[in-house]
Every structure is written in structure tokens, then in C-alpha cells.
Amino acid sequence: MQRIAVLTSGGDAPGMNAAIRAVVRSAIYNQLEVFGVMQGFEGLIQGQIKPMYLGSVADIIHRGGTILQTSRSARFMTEEGRRQALEQLEKRGITGLIVLGGNGSLRGAYEFSKLGIKVVGIPATIDNDIVYTRSIGFDTAVNTALTAINHIRDTATSHGRVFIIEVMGHNCGEIALAAGVAGGAESILIPEIEVDLEQIITKINQGTARGKLHSIIIVAEGVYPVMELKEKIEEATGQDTRVTILGHIQRGGTPTAVDRILGSCMGKAAVDALISGKGNVMIASREGGMHSIPLQEVIRGKKTPELGMFDLARVLSI
Ligand code: F6P
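Residues numbered from 1 in each chain as written. Predicted model: local features only at pLDDT ≥ 70, side-chain atom pairs only at ≥ 80, totals over all residues. Heavy atoms only, no water.

## Describing the nonpolar core
Argument step 1. The biggest cluster of nonpolar side chains holds 58 residues, and the ones touching the most others in it are Ile4, Ile98 and Ile218.
Argument step 2. Among the elements that line this core, the one with the most residues is helix 5 (residues 138-159), at eight residues.
Argument step 3. In this structure, this core is formed jointly by two domains, domain 1 (3-137 + 255-300) and domain 2 (141-252), each of which donates at least three residues.
Argument step 4. Discounting residues that sit within four places of it in the chain, Ile98 has contacts with Ile4, Ala5, Val6, Leu7, Val23, Val120, Ile122, Ala270, Val271 and Leu274.
Argument step 5. Counting 29 residues, the second largest nonpolar core, distinct from the first, contains Leu44, Ile94, Met282 and Ala284. (Core = buried A, V, L, I, M, F, W, Y, C linked by side-chain atoms within 4.5 Å. Buried < 20%, exposed > 50% of the residue type's maximum accessible area, 1.4 Å probe, protein only. Helix = DSSP H or I, 4+ residues; strand = E, 2+ residues; numbered from the N terminus. Domains from an automatic or database assignment. Contact = heavy atoms within 4.5 Å.)

Here's what the structure looks like:
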């Protein structure tokens, strides 16, 4: 293998830049030529491919977002789009591709590898919803959500209010659970557990009776319409209730040490995998370091968060 390329796809995640830096530097260290593809799979189809040098990734380890930019490509979901993308790589003599992204991007990587190109995936999504591994960006997103919860807690206490805070997660309760437990939330609503409205209301009422000054309810996006939840809580408890949707704030910002280290380790592991002839795999961070898992297994799996965390939050928020 002489020439490899790297791209970022889907929603950006803090720590992607650390991984890009690790890919470029490890490749050059191993005497490979390395190329950066702009704007994900869409840029690959269009041939937006440029050579990367040591200096191309200087001063980026601390930056959120992705210097390669990203996209969600509908064209790459078609066989024709993937064939065009392959041509772009073939005419430059590129035989290995590293794809950073979430489940949708890894599915794209898997389909692409069926055309014969060696593809290695790196799990990068704030949602942390990829099986067998922790994903780049999750730790930063949770810490960002936590900072917001801390701020909201101050004003909630001052006014004696209930606050509903919606976090991201895309059908997965990982961010809500982690931010909720770390933020000392009274209730956490996640897609994996049926919403118990009565229990939420009972908790608020019991807290008020004990002289509690506020209640924080964390809702994973899509689990319950937050404005409807606010109305129901106000009706049932008589408490002044406010809603904050954290949204894309969780996707940006300087990556934490955890995400920088994870990105660095995974970027190097992806290059090592290509050098040793592997393809059609994803790098996974599990006990004992970095592992390669077949992409086929990854896209078939469904991640379930550690539900013991839900129980922990329930017990600690009495
Ligand atoms: O996958 C990351 C994520 O931020 C999800 O949590 C969220 O549902 C989605 O992306 C939002 O996507 P977009 O940035 O396209 O609105």
C-alpha cells in the first residue's frame, strides 16, 4: 500500500481533528502518501481530494469540528455514486480509505468496501451509539451538556423551577444517561426505557414537599415532545417549568483529553490496520487497547446503553 486517503462523514464530532492528525502523521511516519477528502463521501464523488503533509495537520489537535468538513451524501447511497467515488480513488492510485463517522457512515464504508477497496472505519459520533466501542466526540458532548446543566441548575434553584433539558442522541440514550447521572438529574428519559410520566410527577411533588428548590429532567431527543411534557408537568404539579434544547452546542467545542487521546489512538490504529493488509473493519476501543471488528458485524449490531446507569440515577435522585 502506497497511497491512502481519509475523510469525515455525517455529523461532526469533537476529536475528529485529533484522529485526522494521527492518520496523516502515522501514514507519513510509515512512508505512505496520504490524501484528505473534503466534505465526506460527497466530496469523494466529486474528486475533492488533496495531498496532506505534516504541516496540513499542525495546530488542529485542540479544535472541534473537522478540517476536512463533512456531509450526509444521498448520492453515495446509490451504487452509481459509489462507483464514481471509486473511480476518483483509482485514478489517483489510492488503495486504502479511512472513514470517520457514525453508524450511517460506517454502513456507507461497508457498502463501498464491497467494490474491492480496502476501507477502515473509525467510530466518531457524539451519540456513542456504535456497538463494541466508545466513539470519538461522546466525552466532549457529555461534558458540554454537563456544563449547561450546571448553569441551568443555578437559575432553576434561584427561581424554584422545574427545568426540562433536551440533549441529542439520535435514538440512543447514552448522552442523556451520562449527562443525567453526572448532572444529578431527578429524571432521565431515554428511548430504551418506557417513559413513566406518573413517576416523574411524583418525584417532583416529593422533592417539593421535602423543600427541594429545583428539579432537572433530562430528555433524549425524540423520546417525548418537550413542550407537551412541560404542559403536563405544570398542570399536574403547579410548578413553573422551563425548557432548554441544547441542540448543536453539543457537537462543537474543544475536544476533551479523552477524545483527543481516543482520536490519536484510533487514527494510528487505522493506518496500522491498512498497512497490515486489513480492510472492511472498524477500529474499536475496548479493554486492552485497539481492536479491528468486521464492519459487517458493526452495522448489524444495535448498541444498548448500560442500563445499570438508569437504575443508579433512579436510586440517587430520591
Ligand atoms: O449523529 C449526531 C447528531 O448530532 C444526532 O445526535 C442528531 O440527531 C443529529 O446528528 C442531528 O443532525 P443534523 O446536524 O444533520 O441536524
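## Structural notes on the site of the ligand
Argument step 1. What surrounds the ligand is the set Arg72, Thr125, Ile126, Asp127, Met168, Gly169, His170, Glu221, His248 and Arg251.
Argument step 2. Between the ligand and Arg72 there is a distance of 3.0 Å, counted from an oxygen atom to a side-chain nitrogen or oxygen.
Argument step 3. Here Glu221 contributes a side-chain N or O atom positioned 2.5 Å from an oxygen atom of the ligand. (Near = heavy atom within 4 Å. Polar contact = N/O pair within 3.5 Å; in protein donor to acceptor, adjacent residues only side chain to side chain.)

## Remarks on the domain arrangement of the protein
Argument step 1. Segmenting the protein into domains produces domain 1 (3-137 + 255-300) and domain 2 (141-252).
Argument step 2. Tallying the contact residues gives ten residues for domain 1 and eleven residues for domain 2.
Argument step 3. Interface area, domain 1 with domain 2, both sides summed: about 850 Å², of which 51% is carbon and sulfur.
Argument step 4. If you look at where domain 1 meets domain 2, you find one salt bridge.
Argument step 5. Residue Arg251 pairs with Asp12 through a salt bridge whose shortest N-O separation is 2.7 Å.
Argument step 6. At the boundary of domain 1 with domain 2, the tally comes to three residue pairs in polar contact (both at pLDDT 80 or more).
Argument step 7. Looking at side-chain class alone, the side of domain 1 that touches domain 2 contains two nonpolar, four polar and four charged residues. (Buried area = accessible area lost by both parts, 1.4 Å probe. Salt bridge = Lys/Arg side-chain N within 4 Å of Asp/Glu carboxyl O. Nonpolar A, V, L, I, M, F, W, Y, C, P; charged D, E, K, R; others polar.)

## Points about helix 4 (residues 103-113)
Argument step 1. Three or more residues of helix 4 are buried, namely Ser105, Leu106, Gly108, Ala109, Tyr110, Phe112 and Ser113.
Argument step 2. Residues of helix 4 that are buried in the fold lie against helix 2 (40-46), helix 3 (79-90), strand 4 (96-101), strand 5 (118-123), strand 10 (281-286) and helix 10 (295-300).

## Topic: the environment of Thr140
Argument step 1. Mapped onto the elements, Thr140 comes out in helix 5.
Argument step 2. Overall, Thr140 belongs to the buried group, its relative accessible area being 3%.
Argument step 3. When neighbours within four sequence positions are excluded, Thr140 is seen to be in contact with Pro14, Gly252, Thr254, Pro255, Thr256 and Asp259.

## Topic: the packing of aromatic side chains
For any pair of aromatic rings, the description rests on two quantities: the centre-to-centre distance and the angle between the ring planes.
Argument step 1. Tallied over the full model, the rule gives two aromatic pairs.
Argument step 2. Look at Phe41 and Phe76: their rings are 3.8 Å apart centre to centre, the planes differ by 5°, and that puts the pair in the stacked class. In this pair, Phe41 sits in helix 2 while Phe76 sits in the loop between strand 3 (49-52) and helix 3, placing the two residues 35 residues apart along the sequence. Accessibility classification places Phe41 together with Phe76 in one group, the buried group.
Argument step 3. Note on Phe76 and Phe112: the rings are 5.2 Å apart at their centroids and 65° apart in plane angle, and the pair reads as edge-to-face. Here Phe112 lies in helix 4 and Phe76 lies in the loop between strand 3 and helix 3, a separation of 36 residues in the sequence. For the pair formed by Phe76 and Phe112, the shared burial category is buried.
Argument step 4. In textbook terms, an aromatic cluster arises when at least three aromatic residues are bridged by ring pairs, as seen for Phe41, Phe76 and Phe112. (Phe/Tyr/Trp six-rings, centres within 6.5 Å; stacked < 30°, edge-to-face > 60°.)

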